[in-house]
Amino acid sequence: MKVTIRDLARLLNVSETTVSLAFQNNSPISDKTRQRVLEKAKELDYIPNLAARRLRRGHTKNKIIGFLVNDITHPFYSLMVRAAQTIAMSHGYTILVADSCWQADKELAGIEYLLESRVDGILACLCERTPESLRLLERFLVPYILLDTVPSDYTKAFVANDLVEAARLAAKHLTQDVGCRYPVFLTADRDMEHFSAFDILGREFACSIREQGLPFDAKQIIYAGLTIAAGQAAFGRVLETIPDVDGIFCINSLCALGVIEAADQLGIQVGRDVAVMGVEDLDILHLSRISLTSIRQPFDQLAEMATTMLIHAIENKIHPSVQVSLKPSMIVRDSTKSKQKPALKSVARRK
């Protein structure tokens, strides 16, 4: 049962006004009283009703969906938010965004912010650094759906990407279509190896390469990161670790762009000397100067389906039960088109 402002005031022997003021900046109550209220509120999982506060001030705002993302600056997440917003607005809802920046404390703060804002439901991309996020969502009985990826032990509603299929598409393309014999996988940095999506992509890519009768061991999975700079730095380590590398599957498009830039600086031609591909398929990858082969994850369909199902659950006063994994597709461009490539180490030796 949810704790109300009246319950908290009675337990602390203070007025409801005092409780309300404790959650406001520059309020006239003492620091000691504020601390008492905040500590008891945390102990009892009390969430102040910001929507009611807005109503008292003459500002009404209802039919709100919260959207928690890992990095709003990354096009993958911002495009999902835009797709969700289009569906939400068509049903009279608005989207309220919270960004975790891949950090557990910010994720929890973001969920609390959305709950405080009294959203009707939540779409969540979790960073998977703490189980407390799911516990918080369950505790307050707000309808929610996880997007993009889900923890391995998660059994509730989700609309996710089929990462097993994505990894197998990448492995098949590099080995069968391009003819690579020494492919590597550039994953995220070590600090993010807990994230289920990265683990699945690496594990399934390695498994699929071995199924083609090719060797693939631990040194062919190289820690890189999710940025262009991370891809640039990782490419040098690739050359040191696997000098015969002829195919590189990157954890995302930005990392792949970094690899292309680093290769270009060394005079190594992507597509001829080494095949490079990534995940996501952002618009910029279509440009002829980049032309990056990519596994396209249907972020628009992902967000649209999840938003539609969440609104259905909200309006029917039920908890969503959807469990869908959307299939990816392969977009082949110049970065993997050449089938006849000289050994990369011989190219590097000539430089």
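Structural data are supplied above this passage.
Source: prediction; values computed, not measured.

S.K.: Explanation requested: the overall build of the protein in the structure shown.
M.R.: Summing up its helical and strand segments, the protein has 13 helices and 12 strands in all. In the protein, once contacts between residues fewer than 6 apart in sequence are set aside, the share between residues at least 24 apart is 72%. For the protein, the exposed area adds up to about 16800 Å²; of that, 51% sits on carbon and sulfur atoms. One finds the centroid of the 42 positive side-chain charges in the protein at a distance of 2 Å from the centroid of its 41 negative side-chain charges.

S.K.: When you look at the packing of aromatic side chains in this model, what are you seeing that I'm missing?
M.R.: By convention here, two paired aromatic rings are described through the distance between centres and the angle between planes. Tallying each qualifying case throughout the model produces 10 aromatic pairs. Ring plane angle 85° and centroid distance 5.0 Å describe the contact between Trp102 and Phe195, whose orientation is recorded as edge-to-face. Of this pair, Trp102 sits in the loop between β2 (94-99) and α6 (104-116) while Phe195 sits in the loop between β6 (183-187) and α9 (196-211), and the two are 93 residues apart along the sequence. For the ring pair Phe185 and Phe249, a centre distance of 5.3 Å and an interplane angle of 35° mean the geometry is tilted. Within this pair, whereas Phe185 is found in strand β6, its partner Phe249 is found in strand β8 (residues 247-250), the two being separated by 64 residues in sequence. The two residues Phe185 and Phe249 agree in class, both being buried.

S.K.: How should I be thinking about the pattern of salt bridges in this particular structure?
M.R.: Note on pairing: side chains with opposite charge can pair once their charged atoms come close. Summed over all chains, the structure comprises 14 salt bridges. One salt bridge in this structure joins Arg333 and Asp281, with 2.9 Å as the shortest N-O distance. Taken together, the residues Arg333 in the loop between β12 (329-331) and α13 (344-350) and Asp281 in the loop between β9 (275-280) and β10 (293-296) connect sequence positions 52 residues apart. Summarising the burial analysis for this pair, Arg333 and Asp281 share the class buried.

S.K.: When you look at the pairing of β9 in this model, what are you seeing that I'm missing?
M.R.: Looking down a regular strand, the side chains alternate between one sheet face and the other. By the criterion of burial, β9 is predominantly enclosed, with six of the six residues buried. Note: β8 against β9, three bridges, orientation parallel. Paired with Gly247 across the strands is Ala275, a residue of β9. Traced from β8 through helix α11 (residues 253-265) to β9, the parallel crossover comes out right-handed. Pairing between β9 and β10: four bridges, direction parallel. When the bridges of β10 are listed, Val279 appears paired with Ile295.

About the criteria used
Residues numbered from 1 in each chain as written. Predicted model: local features only at pLDDT ≥ 70, side-chain atom pairs only at ≥ 80, totals over all residues. Heavy atoms only, no water. Helix = DSSP H or I, 4+ residues; strand = E, 2+ residues; numbered from the N terminus. Contact = heavy atoms within 4.5 Å. Areas by Shrake-Rupley, 256 points an atom, 1.4 Å probe, with all protein chains shown as cover. Lys, Arg positive; Asp, Glu negative; His and termini not counted. Charge placed at Lys NZ, Arg CZ, Asp CG, Glu CD. Phe/Tyr/Trp six-rings, centres within 6.5 Å; stacked < 30°, edge-to-face > 60°. Buried < 20%, exposed > 50% of the residue type's maximum accessible area, 1.4 Å probe, protein only. Salt bridge = Lys/Arg side-chain N within 4 Å of Asp/Glu carboxyl O. Pairing = 2+ DSSP bridges. Right-handed = clockwise from strand over helix to strand, strands pointing away.

Interpretation in functional terms is not warranted from these geometric data alone.
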